[in-house]
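Single-letter residue listing:
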Amino acid sequence: MDDGHEQLAYPIGRYETPDKYAPEMQNEWISSIEALPKWLDLCIENLDKIQLDTPYRPGGWTVNEVIHHLADSHLNAYVRLKLALTEDSPVIKPYDEKLWAQMPDVETTPVNISITLLHALHFRWVQALRNMQPQDWERTYFHPEQERYVPIWEMTDMYAWHGRHHMEQIRGLRQRSNW
Ligand code: NI
């Protein structure tokens, strides 16, 4: 991979796990998750069908696929959070995000349906996060592919990054295309 590809694919850089839990970051993570659906509303404003079907980079997902991927990914994240809060380090279920993004429903569903879903989902997600006890942030789930325990603070940081990551892919496309 050359630097150009890296910059297009990871406009805010790759996710890096912090060395340790920093509770003072909680509000920033939660605010970012809370804001994502509204950011996405702005991100796709005035894009037509052809623009929505344009890959955000050569060989990458289309804008349409990126948005539907966010819904798929964050539905799984919400379930993982609820499992981690109600069970003792449960094993979670990985899924094949590339195959999910290529399923026929992704082609036939308007993007605003997934953004509407994200508005409702992120509301529930933020309520769950805001109502946690301080010690809950260190509860974990077990990721069988990564073969490690992931604490709730880390997943929250990671998904805050994940929303911004995909949003900036779309914003980058719009800037380069003068849309
Ligand atoms: Ni993603």
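Remember, it's a predicted structure, so these values are computed and weren't measured experimentally. (Residues numbered from 1 in each chain as written. Predicted model: local features only at pLDDT ≥ 70, side-chain atom pairs only at ≥ 80, totals over all residues. Heavy atoms only, no water.)

Asks: Looking at this structure, I do not really get the overall build of the protein chain. What am I missing?
Replies: The helix and strand tally for the protein chain stands at eight helices and two strands. Taken from N to C terminus, the helices and strands of the protein chain fall in the order α-α-α-α-α-α-α-β-β-α. For 179 residues, the compact-globule formula gives about 16 Å, and the C-alpha radius of gyration of the protein chain, at 17 Å, lands near that figure. Across its three principal directions, the C-alpha atoms of the protein chain cover 45 × 35 × 30 Å. Within the protein chain, the fraction of its 179 residues that count as buried is 46%. When contacts within the protein chain are restricted to residue pairs at least 6 apart in sequence, those whose partners lie at least 24 apart make up 76%. Within the structure as shown, the protein chain displays about 10,100 Å² of accessible surface, and the carbon and sulfur contribution to it stands at 52%. Placing the 17 positive and 27 negative side-chain charges of the protein chain at their respective mean positions leaves the two points 3 Å apart. (Helix = DSSP H or I, 4+ residues; strand = E, 2+ residues; numbered from the N terminus. Rg over C-alpha atoms; globule rule 2.2 N^0.38 Å. Buried < 20%, exposed > 50% of the residue type's maximum accessible area, 1.4 Å probe, protein only. Contact = heavy atoms within 4.5 Å. Areas by Shrake-Rupley, 256 points an atom, 1.4 Å probe, with all protein chains shown as cover. Lys, Arg positive; Asp, Glu negative; His and termini not counted. Charge placed at Lys NZ, Arg CZ, Asp CG, Glu CD.)

Asks: Looking at this model, I keep getting lost on the side chain of histidine 162. Mind explaining?
Replies: Structurally, the position occupied by histidine 162 is in helix 8 (residues 152–177). Residue class for histidine 162 comes out buried when judged on its relative accessible area of 8%. A distance of 2.9 Å separates a polar atom in the side chain of histidine 162 from a polar atom in the side chain of histidine 74. Apart from the residues lying within four places of it in its own chain, the contact partners of histidine 162 are His69, Leu70, Ser73 and His74. (Polar contact = N/O pair within 3.5 Å; in protein donor to acceptor, adjacent residues only side chain to side chain.)

Asks: Would you explain the layout of surface pockets in this entry?
Replies: Space left empty within the atom packing is revealed by a probe, the size of a water molecule, rolled over the atoms. Put simply, the largest pocket is a space of about 990 Å³. Along its surface, the largest pocket is lined by 33 residues, and Tyr10, His69, Glu97, Trp161 and His162 are the ones closest to its centre. For the lining of the largest pocket, the secondary-structure elements that each account for two or more residues are helix 1 (3–9), helix 4 (63–86), helix 5 (97–102), strand 1 (140–143), strand 2 (148–151) and helix 8. Ranked by the residues each element gives to the lining of the largest pocket, the list is headed by helix 8, at nine residues. There is about 210 Å³ of room inside the second largest pocket. Going through the elements one at a time, helix 2 (26–43) and helix 8 are the ones with two or more residues in the lining of the second largest pocket. Tallying contributions element by element places helix 8 first for the lining of the second largest pocket, with five residues. Its residues placed into classes, the lining of the second largest pocket shows 10 nonpolar, three polar and five charged. (1 Å grid on protein atoms, 1.4 Å probe; cavity = no way out; pocket = protein on both sides within 12 Å on 5 of 7 lines; lining within 4 Å. Points joined across faces, edges and corners; volume = space filled by probe spheres on them. Nonpolar A, V, L, I, M, F, W, Y, C, P; charged D, E, K, R; others polar.)

Asks: Which parts of the structure should I look at to understand helix 7 (residues 111–130)?
Replies: Count 3.6 residues to each turn of an α-helix, and residues three or four apart come out pointing the same way. Its 20 residues place the ends of helix 7 28 Å apart at the C-alpha level, agreeing with the 28 Å of an ideal helix rising 1.5 Å per residue. The complete set of buried residues in helix 7 reads Val111, Ser114, Ile115, Leu118, Leu121, His122, Trp125, Val126, Ala128 and Leu129. Down the axis of helix 7, the smallest arc covering the buried residues is 145 degrees, so these residues share one side. Exposed residues pointing more than 90 degrees away from the buried face of helix 7 are listed as Thr116 and Phe123. At its buried positions, helix 7 is contacted by helix 2, helix 3 (49–52), helix 4 and helix 8. (Expected span 1.5 Å × (residues − 1). Arc of directions from axis to C-beta.)

Asks: Please explain helix 8 as it appears in this structure.
Replies: In a regular helix each residue adds 1.5 Å, so 26 residues correspond to 38 Å; helix 8 covers 38 Å between its end C-alpha atoms and thus fits that length. Following helix 8 by one or two positions, asparagine 178 has its phi on the positive side, about 55 degrees.

Asks: What's the story with the packing of aromatic side chains in this structure? I'm lost.
Replies: Within a pair of aromatic rings, the relevant descriptors are the distance that separates the centres and the angle that separates the planes. What the rule picks out here adds up to six aromatic pairs. Pairing tryptophan 29 with tryptophan 137 gives two aromatic rings, centres 5.9 Å apart and planes at 45 degrees, and the pair type is tilted. Of the two residues, tryptophan 29 is situated in helix 2 and tryptophan 137 in the loop between helix 7 and strand 1; the sequence distance between them amounts to 108 residues. (Phe/Tyr/Trp six-rings, centres within 6.5 Å; stacked < 30°, edge-to-face > 60°.)

Asks: Help me understand the pairing of strand 2, please; the structure alone is not making it clear to me.
Replies: Both strand 1 and strand 2 contribute to a ladder of four bridges, which runs antiparallel. Counted as the bridge partner of phenylalanine 142 is tyrosine 149 from strand 2. Adjacent in sequence and paired antiparallel, strand 1 and strand 2 are bridged by four residues, among which glutamate 147 carries a positive phi angle near 55 degrees. (Pairing = 2+ DSSP bridges.)

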